[in-house]
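Architecture and fold: a report
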Amino acid sequence: MATTFVSVPFKKASEVDMARPLSKFIQATCPSVDTQAEYIKAAEELNNLRKSALGRPLDKHDSSLEILLRYYDQLCSIELKFPFADNQLCLTFTWKDAFDKGSLFGGSVKLALASLGYEKSCVLFNIGALASQIAAEQNLENDEGLKAAAKYYQLASGVFQHIKDTVLSALNREPSMDISPDTVGTLSVIMLAQAQEVFFLKATADKMKDAIIAKLANQAADYYGDAFKQCQYKENLPKYFYFQEVLPVLAAKHCMMQANAEYHQSILAKQQKKFGEEIGRLQHASDLVKTVASRYDEYINVKDLSDKIARALTAAKKDNDFIYHDRVPDLKDLEPVGKATLVKPTPVSVPMSQKFNDLFAKMVPLAVQQALSIYNQRRADLVNRLIAQMRESTNLANGVLASLNLPAAVEDVSGDTIPGSILEKSKVVIQQGGLQTIDQLMRDLPELLQRNREILDEALKVLDQEEITDNDLKAKFKERWKRTPSSELYKPLRTEGANFRTTLDRAVQADKVVRERYATHREIISLLCKPEAELNAAIPSGNPTKSLQGSEVVMLLKTLLASLNEVKKERETFENDIKSLQFDMTNKFLTALAQDGAINEEAISVTELDHFYGGHTENVQQNLKKQEELLAKIQAAHEEFSKSTQSSTDANQREEILKKLAAGHDQFVELVNNLKEGTKFYNGFTEILLKFQTKCSDIVFARKTERDELLKDLQQSIAREPSAPNIPVAPAYQSAVSVGGTTPAVPTPAPRNVFPSEPQPPEHAAPSSIGGCENQPKPQPPARPPPPSVGSTFPAAPLAAAPATASAPVPVASMPASIGGTGMLSQAQGPPYPSYQGYPGFYPVPMPMAYNQYAYGQYNMPYMYQPPGQPPFPRPQQPQQPPQPGYPYPQQQFYQQ
């Protein structure tokens, strides 16, 4: 029994460079240079793997299927590790419809999407297609071939079923016809039916019990019936199912499997001595195979099965008529044959390849990366908050001491020298560059700000221009423009750009505050930058009470100030410890992802941050509380110290200058720190904006590529569309009246190059010298036809008598009215002289022209038409002349003008 199996064609993919965008993302996210190099190499290997899987024709072999499986497994792996869903990687995958073969004026249907889910679905489709092709190539005459065919058909069925369940969620839009749920669902049923048929063939080859074979065949018939119904009643399936021999094959297989089921069930009935049932089932099986033979013999050969059933039916009838006389029940009274399924779709589970080796095994999944990113933000917020609290406390302490003129008040012994603390502060300001440092830093800020603004504006401008183009094309093509609008696609990017602009605006406000503070304290800072002599001269002299230098209150103030300095130094140590504290949360998040399938980042991060930073937070709070107590004691002691001093105008002025110098030093340090942080912020923000600009440029480039592909497809589809749905019928007067006003003549068909095999006159016979054979008459060409009539008023002159052996003259069409005739030209008559064996070559007919007796043209052939005017005079009949030697055509008649 010869059988036919349905195999699925491949989808064809366009070339895509995956290495470039993946390498860009790796360089932007991986801090380690060694790790970057390793991952970039893996990205290049992935690109080569795609070329091997999709860029060349695949053999129908396990090795080719293994390449496809490895590529699909790698796609599933990188889907968790790269942000394909967030449009951060600008990759557009273009695939052609597997069942659309295109047309004369355009290519096949294509769909381009920036979706890794689309790539996975298409690769999975090719896996199912290749599995069906490998199964169809198996030798079903041996046990190994049967097992392999059943395995691959079940794999193909499971793959197509998986696409049906996942394609809509993976694409978030209407897929192409070949991977639509209806199409792949039907393919899954067809593959399952073929797998069941293979098991039926194996059971038959193994000579299993007829009851089992009948059930296997009936189940296969049921599967084929389901597939046939889906192809028949779903109008949105590809034409492949209707015009590529699929639908008739399914119908034939349905009948053939039912016939096998009835045949083997009839054997079981005979064993049970139910002879009438045996005949009824054989009759039904015979009707089924007759249906296949009459309708689908082109696709399925059932001659062996038909002969086997016919022999069994003849024997059963004979035995029943002569021996058993059992009543033959009607078909509707027969019990249905049972069903037994031994097949099921092979589920798709990753990894599908047993030899899969993840190229990015060391890269953490994207969910872990996102959790790490959020965790790092939480950690940065906690660290910044602790550092900000400590710096604010330091500024508060410095401000309080400056307002109390401490420690300068207790150090000012003579009243005419610079206190040691003020001198130390002056040296610090001079060492750090003084006003020149601040001026230089403030000059750099506007340039850095402007650079960042230009980068951000350029990135958003690229998006705006592409969106305008997309809107114009949408307005032009309307519903034909089937792609995601740029306004929706760019929403995340525009939100990100708005956040960047807000950040820059805040930075501008911070710069303004720094400038105002600098303008306020510039004069006193410039005083600190002067040499010691000039600084001492700028400070007024005073007359402090020297008797208080060794008093208890002065000693208390010095002790409290020393304690306060210790507290500030302790905070510096805390700040360095907090900044240097590093620990990796990757393993924590990977463990949570493996155990729960998801990551509760907030709970894990809060717990771990409290574990690592809880002690530092407690130490900082104790330090701040200790400073608060010390400041309270210092203020109380200074109040008592102030009461003991003698107040004078000079002393007050000196104290005010010393306070301003101390405050100027603190402001200088704070301004320098703020400006350096601002410069660092702008430089770091430039890198972020450059990455944002690259992201915008990449997605716009991908959109442009997608736009060009879509425009090309639209142009081809528009070219394939008819200009008008219906061609208007010509009016009756145009079809009934000819050009000359008369009814057009019926076109005369062109004469065939067939000539009568009549005997030729003796004078035309040529002697034969080959082998002494008798002279045979040589076929002669027909006589030249008479010239056509050139007008209705001038009848054609009679020709000279034709030879007796010439064929009848061929009718010639009349001339058009513009030349002299009244009728329309007839159909072309072909060359005036035939080309057959014996005549060398075939000579084309010259263009019709006015008749000229001298114009014999290139091949010495007279023209067939005459100009309007007097017809030629008849010539007296001339005896026929023998052919001229070497002249390829017979001698022609001559017509006088």
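Residues numbered from 1 in each chain as written. Predicted model: local features only at pLDDT ≥ 70, side-chain atom pairs only at ≥ 80, totals over all residues. Heavy atoms only, no water.

**A closer look at the overall build of the chain**
The condition is simple: For helices the rule is a DSSP run of H or I covering at least 4 residues; for strands it is a run of E covering at least 2, with both sets numbered from the N terminus onward. Each residue is placed in one exposure class: buried if its accessible area under a 1.4 Å probe, protein chains only, is under 20% of its type's maximum, exposed if it is over 50%, and partly exposed if it falls in between. Note on contacts: a residue pair qualifies if any of its non-hydrogen atoms lie within 4.5 Å across the two residues. Method for areas: the Shrake-Rupley scheme with a 1.4 Å probe, in which residue coverage is limited to the protein chains shown.
A count of helices and strands for the chain gives 23 helices and two strands. Each of the 897 residues in the chain was classed as buried or not, and the buried ones make up 42%. Taking the contacts inside the chain whose residues are at least 6 apart along the sequence as the reference set, 80% of them involve residues at least 24 apart. In the structure as shown, the chain presents an accessible area of about 49,100 Å², 53% of it carried by carbon and sulfur atoms.

**Overview of the pairing of strand β2 (residues 110-113)**
Formally: Should DSSP find at least two bridges between two strands, the strands are taken to pair.
Of the two faces of β2, the one carrying Lys110 and Ala112 and the one carrying Leu111 and Leu113 are both buried. Pairing geometry for strand β1 (residues 93-96) and β2, over four bridges, is antiparallel. Bridge pairing links lysine 96 to lysine 110 in β2.

**Concerning the pattern of salt bridges**
Let me state the cut-off plainly: One speaks of a salt bridge when a side-chain nitrogen belonging to Lys or Arg is within 4 Å of a carboxyl oxygen belonging to Asp or Glu.
Applying the stated criterion across every chain yields a total of 30 salt bridges. A salt bridge links glutamate 677 to arginine 391; its shortest N-O distance comes to 2.9 Å. Of this pair, glutamate 677 sits in helix α22 (residues 649-720) while arginine 391 sits in helix α12 (residues 366-403); the two residues are 286 residues apart in sequence, bridging distant segments of the chain. Residue classification places glutamate 677 among the partly exposed residues on the basis of a relative accessible area of 41%. Arginine 391 gets classed as partly exposed once you look at its relative accessible area, which sits at 36%. Members of the salt-bridge network, linked through shared partners, are Asp143, Lys147, Lys202 and Asp206.

**Some details on the side chain of serine 188**
Along the chain, serine 188 falls in helix α6 (residues 181-205). Residue contacts for serine 188: discarding those within four places in its chain leaves Ser157, Phe160 and Gln161.

**Remarks on the confidence of the model for the chain**
Operational definition: A residue's pLDDT is the predictor's confidence in that residue, given on a scale from 0 to 100.
Counting all residues, the mean pLDDT for the chain is 77, and 74% of those residues have values of 70 or more. In the model, residues 103-107 has pLDDT below 50 throughout and makes eight contacts with residues more than four positions away in sequence or in other chains. Below a pLDDT of 50 lies the segment residues 789-839, which in the model reaches 95 contacts outside its immediate sequence neighbourhood of four places, other chains included.

**Regarding the packing of helix α5 (residues 143-171) against α6**
So the rule is basically this: Lines fitted to C-alpha atoms define the axes here, with helix axes fitted over just the stretch in contact, and angles between the N-to-C directions of these axes take values from 0 to 180 degrees. To sort the angles, those under 35 degrees are grouped as roughly parallel, those over 145 as roughly antiparallel, those from 65 to 115 as roughly perpendicular, and the leftovers as oblique. Working rule for handedness: look at the near helix, and if it is turned counterclockwise from the far one by less than a right angle, call the crossing left-handed; if clockwise, right-handed. Asp, Glu, Lys and Arg are counted as charged, while Ala, Val, Leu, Ile, Met, Phe, Trp, Tyr, Cys and Pro are counted as nonpolar; the rest, among them Gly, fall into the polar class.
Axis separation between α5 and α6 bottoms out at 8 Å; the angle between their running directions is 160°. Taken together, α5 and α6 sit at an angle that is classed as roughly antiparallel. Two packed elements cross with a definite hand, and for α5 against α6 that hand is left-handed. Across the contact of α5 with α6, the residue classes tally to 18 nonpolar, six polar and four charged.

**Observations regarding a nonpolar patch on the surface**
To be explicit about the condition: Each patch is assembled from residues with relative accessible area greater than 30% and no salt bridge, linking like charges that lie within 9 Å and nonpolar side chains (Val, Leu, Ile, Met, Phe, Trp, Tyr) that lie within 5 Å.
A cluster of nonpolar residues, Phe322, Ile323 and Tyr324, forms a patch on the protein surface that exposes about 360 Å² of accessible area. Tracing the backbone shows tyrosine 324 in helix α11 (residues 303-324).

**Focus: the environment of alanine 310**
When you line up the elements, alanine 310 lands in helix α11. Using a relative accessible area of 37% as the deciding quantity, one classes alanine 310 as partly exposed. Sequence separation between alanine 310 and serine 286 is 24 residues; the distance between their C-alpha atoms is 6.9 Å.

**Side note on the packing of helix α2 (residues 33-54) against helix α3 (residues 62-79)**
Direction vectors running N to C along α2 and α3 enclose 140°, while the axes themselves pass 9 Å from each other. The orientation of α2 with respect to α3, classified from their angle, is oblique. Seen from above, α2 lies across α3 with left-handed handedness. Judged by residue contacts, Leu46, Leu49, Arg50, Ser52, Ala53 and Leu54 of α2 engage Ile67, Leu68, Arg70, Tyr71, Gln74 and Ile78 from α3. In the contact of α2 with α3, the residues fall into eight nonpolar, two polar and two charged.

**A few points about the packing of aromatic side chains**
Stated precisely, the cut-off is as follows: For Phe, Tyr and Trp, rings pair up if their centres lie within 6.5 Å, where Trp contributes its six-membered ring, and each pair is then called stacked (planes under 30 degrees apart), edge-to-face (over 60) or tilted (otherwise).
If you walk through the whole model with that rule in mind, you get 13 aromatic pairs. Pairing phenylalanine 125 with phenylalanine 160 gives two aromatic rings, centres 5.5 Å apart and planes at 65°, and the pair type is edge-to-face. In this pair, phenylalanine 125 sits in helix α4 (residues 116-136) while phenylalanine 160 sits in helix α5, placing the two residues 35 residues apart along the sequence. Of the residues examined, phenylalanine 125 reaches a relative accessible area of 0% and is grouped as buried. For the ring pair phenylalanine 681 and phenylalanine 685, a centre distance of 5.3 Å and an interplane angle of 20° mean the geometry is stacked. Residue phenylalanine 681 and its partner phenylalanine 685 are located together in helix α22, separated by four residues, close to a single helical turn. Assessed through its relative accessible area of 30%, phenylalanine 681 is described here as partly exposed.

**Thoughts on unusual backbone geometry**
Following valine 350, the chain continues to proline 351 via a peptide bond in cis, the omega torsion being 0°. Checked against the element boundaries, proline 351 lands in the loop between α11 and α12. Positive phi outside glycine occurs at histidine 325, with the angle close to 55°. Position of histidine 325 relative to the elements: it lies in the loop between α11 and α12. Relative accessible area serves as the criterion here: at 57%, histidine 325 is assigned to the exposed category.

**Describing the side chain of histidine 638**
Tracing the backbone shows histidine 638 in helix α21 (residues 601-644). Filtering out sequence-adjacent residues up to four positions away, histidine 638 remains in contact with Leu404, Leu406 and Leu557.

**Considerations on the environment of alanine 251**
Locating alanine 251 in the fold gives a position in helix α9 (residues 246-271). Between the C-alpha atom of alanine 251 and that of arginine 295, which follows or precedes it by 44 residues, the distance is 9.6 Å. Beyond its immediate stretch of four places on either side in the chain, alanine 251 contacts Phe228 and Tyr296.

**Here's the deal with the environment of leucine 250**
With respect to the secondary-structure elements, leucine 250 resides in helix α9. Look at leucine 250 and you get buried, because its relative accessible area is 0%. Leucine 250 sits 22 residues away from phenylalanine 228 along the chain, and the two C-alpha atoms are 5.7 Å apart. Beyond its immediate chain neighbours, meaning those up to four positions away, leucine 250 contacts Ile190, Tyr224, Ala227, Phe228 and Cys231.

**Considerations on α11**
The condition is simple: Under the convention used throughout, the expected extent of a helix is 1.5 Å for every residue step, that is, one less than its residue count. Relevant arc is that of directions from the helix axis to the C-beta atoms, nothing else.
Here α11 contains 22 residues, and its C-alpha end-to-end distance of 29 Å stays within 8% of the 32 Å for a straight helix at 1.5 Å per residue. When we look at burial in α11, the residues that qualify are Leu305, Ile309, Leu313, Ala316 and Asn320. The buried residues of α11 occupy one face: seen down the axis, they fall within an arc of 70°. More than 90 degrees from the buried face of α11, the exposed residues found are Lys303, Arg311, Thr314, Lys318, Asp321, Phe322 and Ile323.

**As for the nonpolar core**
Our working definition: Note on terminology: a nonpolar core comprises buried Ala, Val, Leu, Ile, Met, Phe, Trp, Tyr and Cys residues joined through side-chain atoms within 4.5 Å.
Counting 117 residues, the largest nonpolar core has Met18, Phe82, Phe125 and Phe360 as its most contacted members. Of all the elements, α5 adds the most residues to this core, at 13 residues. Setting aside residues no more than four positions away along its own chain, methionine 18 makes contact with Leu46, Asn47, Arg50, Tyr71, Leu75, Ile78, Leu91 and Phe93. Residues Ala408, Leu435, Leu448 and Ala662 belong to the second largest nonpolar core, which totals 49 residues.

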